[in-house]
Amino acid sequence: MVDLGYGATAVTTLELASRLHRRYPNVRVLGLEIDPERVERALPYADPPRIDFARGGFELAGRAPQLVRAMNVLRQYDEAPALAAWDEIVARLAPGGLLVEGTCDEIGRVGTWVLVDADGPQSLTLSCSTEHLQRPEILAERLPKALIHHNVPGENIHRLITALGAAWDTSAGLSVFSHRQRWAASVARLAEQGWPVQDGPRRWRLGELTVDWTAVG
Ligand SMILES: C[S@@+](CC[C@H](N)C(=O)[O-])C[C@H]1O[C@@H](n2cnc3c(N)ncnc32)[C@H](O)[C@@H]1O
């Protein structure tokens, strides 16, 4: 897999690799950066073939990975080039490969991502540390580039964020137990209302909400 645009230090790639290797010991993780100084800084942490770093961009340095993660990379781009980057990356994936493209806050308590495959975007996930969540509307600040400028009345993503906020209010009684329960109940409420919510309570309780892309795109 490729961690595209891993940033100023190797840490995000190393952390991802350590989590993946627990479950999939043979996964090869390659951090790619467009900035050569960042590649130089990360290389001492390489442990090929399990973890490596190289210079590269949307062309994926000529590789054909099964999975690409690009977090907080496309936010720097305008919307049209960001959408073009999806196509460019996905065209280079191995058959059946996936791109996870998203944005999070600086300490990772609030994040969102889109799952993209050869047929285009498939789903949007909103994710939060429920323990630290004041209100779910905060997620709007961290929407992927494809959606962030569309969070205005009349657009689907705005309808979703508004419905999630209303469900959060309606589920207020559960906050005496935990924000985790309040979040899971809010997601369940959206599913009852007919939103194409994926997964089930197990993932909802982790602070996730995943909907089909058709509901927001
Ligand atoms: C804000 S940092 C994100 C770091 C890390 N992914 C994270 O979420 O903490 C964005 C990084 O993307 C890199 N970047 C921007 N455009 C890129 C491209 N086309 N290909 C590879 N890296 C790129 C930048 O050099 C920068 O290091």
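Everything discussed here concerns the structure shown above.
Procedures and definitions
- Residues numbered from 1 in each chain as written.
- Predicted model: local features only at pLDDT ≥ 70, side-chain atom pairs only at ≥ 80, totals over all residues.
- Pairing = 2+ DSSP bridges.
- Helix = DSSP H or I, 4+ residues; strand = E, 2+ residues; numbered from the N terminus.
- Axes fitted to C-alpha atoms, helices over the stretch in contact; angles between N-to-C directions.
- Contact = placed C-beta atoms within 7 Å.
- Buried ≥ 20, exposed ≤ 12 C-beta atoms within 10 Å, placed from the backbone.
- Near = placed C-beta within 6 Å.
- Nonpolar A, V, L, I, M, F, W, Y, C, P; charged D, E, K, R; others polar.
- Right-handed = clockwise from strand over helix to strand, strands pointing away.

1. Concerning the sheet that holds strand S1 (residues 2–4)
Stage number 1. With respect to topology, eight strands assemble into an open sheet ordered S3-S2-S1-S4-S5-S6-S7-S8, the strand pairing being mixed. The strands lining the two open edges of the sheet, one partner per strand, are strand S3 (51–55) and strand S8 (208–212). Between one strand and the next, the sheet's axes are offset by a mean angle of 20 degrees, whatever the strand orientation.
Stage number 2. In this fold helix H3 (residues 79–90) packs onto strand S4 (67–71), strand S5 (98–104) and strand S6 (110–117), with an angle of close to 145 degrees to the strand it touches most, S5.

2. Observations concerning unusual backbone geometry
Stage number 1. That bond from proline 48 to proline 49 is cis: its omega, 5 degrees, falls within 30 degrees of zero.
Stage number 2. Here proline 49 is to be found in the loop between helix H2 (36–42) and S3.
Stage number 3. Positioned with a positive phi, alanine 61 is a non-glycine residue whose angle comes to about 50 degrees.
Stage number 4. If you trace the backbone, alanine 61 turns up in the loop between S3 and S4.
Stage number 5. For alanine 61, a count of 14 C-beta atoms within 10 Å corresponds to the partly exposed category.
Stage number 6. Even without a glycine there, the phi angle at aspartate 199 is positive, about 65 degrees.
Stage number 7. Relative to the elements of secondary structure, aspartate 199 occurs in the loop between helix H6 (179–192) and helix H7 (201–204).

3. Digging into the site of the ligand
Stage number 1. Looking at the ligand, there are 16 residues lining it, with Gly5, Gly7, Ile34, Gly57 and Asn72 nearest.
Stage number 2. Residue composition of the shell around the ligand, by class: seven nonpolar, six polar and three charged.

4. Remarks on the pairing of S5
Stage number 1. Direction of pairing for S4 relative to S5: parallel, over a ladder of five bridges. Of the residues in S5, the one forming a bridge with alanine 70 is glutamate 101.
Stage number 2. As a crossover connection, the stretch from S4 through H3 into S5 is right-handed.
Stage number 3. Hairpin connection from S5 to S6: five residues lie between these consecutive antiparallel strands, with glycine 108 at a positive phi of about 75 degrees.

Any link to function would need more than the numbers given here.
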